[in-house]
Amino acid sequence: MHPFWNSVVKVMPRWLAPNLITFTGFMFLVFNFLMLSFYDYHFDASAEGYTHVPSWVWVAAGLFNFLAYTLDGVDGKQARRTNSSTPLGELFDHGLDSWACVFFVATVYSIFGRGPSGVGVATLYYILWVVLFSFILSHWEKYNTGILFLPWGYDISQVTISIVYIFTAMVGVETWYEPIWWNFHYRDLFTFMILGCSFTVTLPMSLYNVFKASRNNTLKHSSMYEAFLPFLSPVLLCLLSSVWVIFSPSGILQQQPRVFYLMVGTAFANVTCKLIVCQMSNTRCQPLSWLLVPMATVVLLAVTGLVANETLLIYVWTAIVILTHIHYGVSVVSTHTHTLRSFILILPVTADFGIVCRFALHKYVI
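By the naming in an unreviewed UniProt entry, the chain is Ethanolaminephosphotransferase 1, taken from Oncorhynchus mykiss. The UniProt entry for the chain carries the following text under Subcellular location (unreviewed entry): "Endoplasmic reticulum membrane". For the record of the chain, the UniProt heading Sequence similarities (unreviewed entry) holds the text "Belongs to the CDP-alcohol phosphatidyltransferase class-I family."

Put into C-alpha cells, the structure is as follows:
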C-alpha cells in the first residue's frame, strides 16, 4: 500500500497536522461502530427473520473503514514530510490503533451476526482476544528488540474488510447464509482467516524476531521474566473478563455483547498504551495495571450475585473504563507538552529533542 499512500500524502496540504490525520482516521472507525450500534445493537440484524441493515450503511462502513486505514497509513508520512515527527505523535498513533481493534472487530461482526448462519457471541469474544493479543505482540517485540515489526496481516485484513462491506451492500447479507462447500460457511472462513493470520504469520514472526535478537545478543532484557513481563496485565485482564463471561448469573455476554466487547477492548487499550510508553521511553514495564484492581472487584460482585442488576453493572463499569482511558490519554498529552515547554526554556538548542520527549513520557509508565 505504500505507493498508494505516497500518492495520497503528496496532495495533502503541509499545514495539516499529522495527529489530526490520526484522530480523523480513528473517528471514522468510531463512527462505524456507532452507526452499526444504531442499526444492529445486539448483532442479530443479519439473521433470518430480522430487519436487515440498510445497504447504504454497508457502503458507508466500507468507505469509512478504507479511509481510516488510509489515514492511519499516511499520518507518519505526513509527519516526516513536514519534519514534525515526535514520540508523542507515535504514541498517539499506536495508542489509538490499540483502541481501534475492538471497533473494527465489532463492526465486521454485524455482517454475519449471531444467527444460525452467523458466529456465536462467545466465539466472537475469543476471536476478539486473538486480535488484541496479535496487536500487542508487535509492541512486545519492540519492547524487547527496539524495532517495531509490522506484519502484512493487518494490511490484508483491512483491504478485505472494506471490500466485504461494499460487496454486502451489493448482494445482501443473505449471501452469507449459503455454505461455500458442503457444510463450510462464510462465517467459518471469517474465523479461519483471523486465526490463520494470527497463528501462522503474526505469532511465529514475533517469536522469530525476538529469538533472532536474543541470538544476536541485541535483546534489551536479559531475563525471561523481564522479557515476558508485558504480558502479565493483558493475561490477567483476559482471565478476569473470561471469568465474568463463564460464571455470569444472567449470561451477560449473551445479553449485552456489544457493551462487553467495548469494555474489554478499552481496558486492553489502556494496558497496551502503558506498554507503548515503556518501549518508547526505554523504561521497565510495570507488572500490574491498576485498572485491574477495581475490575477484579466488579467481576466478583457480578459472579457472586451481590449486584442483582448485571446489565446496569456492565454499563457503569464500561463508562468508568472509557472515562479512565480518555483521562489517561489527555493527561499524557498535557503533561508531555508542559514538560517539553519547560525543557525548551532551559536546554540549549543543540539538545536531542527525541530524548526530551522520551523523558516527558517517563512519568506515565505506571
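On we go from here.
So, about the nonpolar core. Counting residues in each nonpolar core, the largest one holds 82 residues, and the members touching the most others are Phe103, Trp244, Phe260, Tyr261 and Met263. Per element, the largest residue contribution to this core is 14 residues, and it comes from helix α5 (residues 121-145). Residues in contact with phenylalanine 103, not counting those within four places in the same chain, are Phe26, Leu29, Val30, Phe33 and Leu262. Within the second largest apolar cluster, 9 residues are counted, among which are Val8, Leu16, Ile21 and Leu71.

With 90% of its residues at a pLDDT of 70 or more, the chain shows a mean pLDDT of 86. Here helix α14 (residues 353-361) stands out as the element of the chain with the lowest mean pLDDT, 49, in contrast to helix α9 (residues 232-247), whose mean of 96 is the highest. Taken as a whole, residues 349-353 scores under 50 in pLDDT and shows 2 contacts with residues more than four places along the chain or in a different chain.

Turning our eyes to something else, we now look at the packing of aromatic side chains. Ring pairs (aromatic) are described by centroid distance and by the angle formed between their planes. In this structure the tally under the stated criterion is 29 aromatic pairs. Aromatic pair tyrosine 39 and tryptophan 56: ring centres 5.9 Å apart, planes at 85 degrees, arrangement edge-to-face. With tyrosine 39 in helix α2 (residues 18-39) and tryptophan 56 in helix α3 (residues 55-81), the pair connects residues that are 17 residues apart, well separated along the chain. The class of tryptophan 56 is partly exposed, set by a relative accessible area of 47%. Ring geometry for tryptophan 244 and phenylalanine 260: centres 5.5 Å apart, planes at 75 degrees, overall edge-to-face. Placement of tryptophan 244 in helix α9 and of phenylalanine 260 in helix α11 (residues 257-281) is noted, with a sequence separation of 16 residues between them. Here tryptophan 244 and phenylalanine 260 have matching classes, each one buried. Linked through ring pairs, Phe112, Phe167, Trp176, Tyr186 and Phe190 together constitute an aromatic cluster. Above the plane of the ring of phenylalanine 33 lies arginine 258, whose end atom (NZ or CZ) is 5.1 Å from the centre.

Moving on, we come to unusual backbone geometry. Here asparagine 83, not a glycine, exhibits a phi torsion of approximately 55 degrees, which is positive. Relative to the assigned elements, asparagine 83 resides in the loop between α3 and α4 (87-112). Judged by its relative accessible area of 73%, asparagine 83 falls in the exposed class. One non-glycine residue with positive phi stands out, namely tryptophan 182, at about 55 degrees.

All right, on to the pattern of salt bridges then. Counted under the stated rule, the structure contains 2 salt bridges. Between lysine 142 and glutamate 90 there is a salt bridge whose closest N-O contact spans 2.7 Å. With lysine 142 in helix α5 and glutamate 90 in helix α4, this pair connects stretches of sequence that are 52 residues apart. With relative accessibility at 21%, the residue glutamate 90 sits in the partly exposed group. Put simply, glutamate 226 and arginine 284 hold a salt bridge, and the shortest N to O gap is 3.1 Å. You can see glutamate 226 sitting in helix α8 (residues 224-228) and its partner arginine 284 sitting in the loop between α11 and α12 (292-303), a full 58 residues away along the chain. Looking at glutamate 226, the relative accessible area reads 19%, which means it is buried. We classify arginine 284 as partly exposed; its relative accessible area is 36%.

Definitions and limits used
Residues numbered from 1 in each chain as written. Predicted model: local features only at pLDDT ≥ 70, side-chain atom pairs only at ≥ 80, totals over all residues. Heavy atoms only, no water. UniProt positions renumbered as here; feature names shortened; annotations may be inferred. Core = buried A, V, L, I, M, F, W, Y, C linked by side-chain atoms within 4.5 Å. Buried < 20%, exposed > 50% of the residue type's maximum accessible area, 1.4 Å probe, protein only. Helix = DSSP H or I, 4+ residues; strand = E, 2+ residues; numbered from the N terminus. Contact = heavy atoms within 4.5 Å. pLDDT = per-residue confidence, 0-100. Phe/Tyr/Trp six-rings, centres within 6.5 Å; stacked < 30°, edge-to-face > 60°. Lys NZ or Arg CZ within 6 Å of the ring centre and 35° of its normal. Salt bridge = Lys/Arg side-chain N within 4 Å of Asp/Glu carboxyl O.

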